[in-house]
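# Close look at the chain arrangement
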Amino acid sequence: MDNYFKDKVIWITGASSGIGEGLAYAFSAAGAKLILSSRRTDELERVRRACIHPEDVQVLPLDLFDIPSFTARTAQAIAYFGHIDIMVHNGGISQRSLVRETNLDVHRRVMELDYFSYVALTTALLPHFDERKAGHFVVMSSVMGKIGTPMRSAYAAAKHALHGFFDCLRAEVSADNIKVTLLTPGYIRTNISLHAITRDGSELGTLSENIAGGLAPEKAAVQILHAIAKGSFESFIGKFGGEKIALWVNRYAPGVLIKKAAKLSPK
Ligand SMILES: NC(=O)c1ccc[n+]([C@@H]2O[C@H](COP(=O)([O-])OP(=O)(O)OC[C@H]3O[C@@H](n4cnc5c(N)ncnc54)[C@H](OP(=O)(O)O)[C@@H]3O)[C@@H](O)[C@H]2O)c1
């Protein structure tokens, strides 16, 4: 992996905190040129300044709900360094509520941000990758993109949808030297649960125990860089533990996992 990221141009969404922030530092340390996006420009500027090579980092504000802006934002992103090598689709929110109690609007909001924005940004950037006959989409799914547990129906649905879309995209574009890597992190210590939306769309506002005990974002970033450099199709990110075991059990004995999930207390 030594020089793999040197001078690569990488656009990261959700770069103002958590995994995206950890990735910004790791890519910058590896010599990449970066475009950092999210809504909070002040936080993006903080991350830019903390990168080892801030002079090679550009801040591009982007609201992932604002799909009509994507064409112009993509042109702006390409213009910074003349091209883009890697797009890291990472920005998003989680959700905590029972199906019985969840407004349809909550499902739509999570789907819009965690799924449709990824589709729309990919569609906006794909002509550039096509023209260069090169490019790499890195997609932040989750263990919840492979399994289902209580309280995560909207989030799991959006993450599962990413696998369908990006597996199909890979099949369409791999002959053109365009790669797709889906990442399925377990618990990573970030603000994700603080901003998770509940049954009426309000934020949960607390850091859940599992997330607090999760892998540090800088360690997650090391694993993610390895997965990207290897060109993995799909890669688990996180501590070896329950979430990784759940993925194995789901693959080889799905019935066992389904019974276990039904016994989990909602949290
Ligand atoms: N932490 C975990 O345990 C875990 C596990 C599996 C998967 N993931 C995935 O990892 C990704 C990053 O999450 P994280 O854990 O790092 O959480 P985080 O610290 O809460 O970061 C979320 C990022 O998404 C951005 N974002 C939220 N809404 C946005 C919008 N409307 N437009 C643009 N950007 C928006 C936020 O930036 P602004 O607020 O500045 O816009 C922030 O940079 C998510 O896709 C999440 O599903 C996390």
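Structure: above.
Below is a short write-up of the structure.

About the criteria used
- Residues numbered from 1 in each chain as written.
- Predicted model: local features only at pLDDT ≥ 70, side-chain atom pairs only at ≥ 80, totals over all residues.
- Heavy atoms only, no water.
- Near = heavy atom within 4 Å.
- Polar contact = N/O pair within 3.5 Å; in protein donor to acceptor, adjacent residues only side chain to side chain.
- Areas by Shrake-Rupley, 256 points an atom, 1.4 Å probe, with all protein chains shown as cover.
- Helix = DSSP H or I, 4+ residues; strand = E, 2+ residues; numbered from the N terminus.
- Buried < 20%, exposed > 50% of the residue type's maximum accessible area, 1.4 Å probe, protein only.
- Contact = heavy atoms within 4.5 Å.
- Pairing = 2+ DSSP bridges.
- Core = buried A, V, L, I, M, F, W, Y, C linked by side-chain atoms within 4.5 Å.
- Axes fitted to C-alpha atoms, helices over the stretch in contact; angles between N-to-C directions.
- Salt bridge = Lys/Arg side-chain N within 4 Å of Asp/Glu carboxyl O.

## So, the site of the ligand
Near the ligand you find 32 residues, and of these Ser-17, Arg-39, Asn-90, Tyr-155 and Thr-190 are the closest. Ser-38 has a polar side-chain atom sitting 2.8 Å from an oxygen atom of the ligand. In this structure, Asp-63 approaches the ligand through a side-chain N or O atom, which is 3.1 Å from a nitrogen atom. Contact with the protein chains removes 96% of the 880 Å² of surface that the ligand exposes when unbound. Looking at the shell around the ligand, the elements with two or more residues in it are α1 (18-29), α4 (104-132) and α5 (153-173).

## Description of the side chain of Ser-193
Within the secondary structure layout, Ser-193 lies in the loop between β6 (178-185) and α6 (209-212). For Ser-193, a relative accessible area of 0% translates into the label buried. Polar contacts involving the side chain of Ser-193 include one to the main-chain carbonyl oxygen of Thr-206, which spans 2.9 Å. Not counting residues within four places of it along the chain, the set of residues in contact with Ser-193 comprises Arg-96, Leu-204, Gly-205, Thr-206, Leu-207, Ser-208 and Ile-211.

## Describing unusual backbone geometry
Glycine aside, a negative phi is what most residues show, and trans is what most peptide bonds show. With a phi angle near 65°, Asp-7 is a residue other than glycine that sits in the positive phi range. Of the residues examined, Asp-7 reaches a relative accessible area of 41% and is grouped as partly exposed. Even without being a glycine, Met-151 presents a positive backbone phi close to 75°. Inspection of the secondary structure puts Met-151 in the loop between β5 (135-140) and α5. Since its relative accessible area comes to 17%, Met-151 is described here as buried.

## Concerning the pairing of strand β1 (residues 9-13)
Most of β1 is tucked away: five of the five residues are buried. Both faces of β1 are covered, namely the face carrying Val-9, Trp-11 and Thr-13 and the face carrying Ile-10 and Ile-12. Across five bridges, the pairing between β1 and strand β2 (residues 33-37) is parallel. Considered in β2, the bridge of Ile-12 is made with Leu-36. Here β1 runs beside strand β4 (residues 86-89); their pairing, made up of three bridges, is parallel. Pairing of Ile-12 across the sheet is with Val-88, part of β4.

## Some thoughts on the nonpolar core
Judged by nonpolar contacts, the single largest core of 66 residues is most densely connected at Ile-12, Leu-23, Phe-27, Leu-34 and Phe-137. Sorting elements by how many residues they give to this core places α4 first, with 11 residues. For Phe-27, the residues in contact, after removing those within four places along its chain, are Phe-5, Ile-10, Ile-12, Ala-32, Leu-34, Val-88, Leu-225 and Ile-228. Counting residues in hydrophobic clusters, the runner-up holds nine residues, among them Val-143, Met-144, Leu-247 and Leu-257.

## A few points about the sheet that holds strand β7 (residues 234-237)
On the basis of which strands lie adjacent, the open sheet formed by seven strands has the order β3-β2-β1-β4-β5-β6-β7 and parallel pairing. Whereas interior strands pair on both sides, the edge strands pair on one side only; in this sheet they are β3 (57-59) and β7. Across the sheet, the mean angle separating the axes of adjacent strands is 20° when strand polarity is ignored. Sheet analysis places β4 next to β5, joined by four bridges and oriented parallel. Following the sheet pairing, Met-87 is matched in β5 by Phe-137.

## A few points about the pattern of salt bridges
Oppositely charged side chains may form a pair once their charged atoms are brought near each other. Counting across every chain of the model gives 11 salt bridges. A salt bridge links Asp-56 to Lys-33; its shortest N-O distance comes to 3.9 Å. In this pair, Asp-56 is assigned in the loop between α2 (41-50) and β3 and Lys-33 in strand β2, connecting sequence segments 23 residues apart. Note on Lys-33: relative accessible area 22%, which makes it partly exposed. Close ionic contact of Glu-101 with Arg-199 constitutes a salt bridge, the shortest N to O distance being 4.0 Å. Of this pair, Glu-101 sits in the loop between β4 and α4 while Arg-199 sits in the loop between β6 and α6; the two residues are 98 residues apart in sequence, bridging distant segments of the chain. Through salt bridges with shared partners, one network takes in Lys-6, Asp-7, Lys-33 and Asp-56.

## Remarks on the environment of Ile-35
By secondary structure assignment, the location of Ile-35 is in strand β2. For the pair Ile-35 and Trp-11, spaced 24 residues apart in sequence, the C-alpha separation works out to 4.6 Å.

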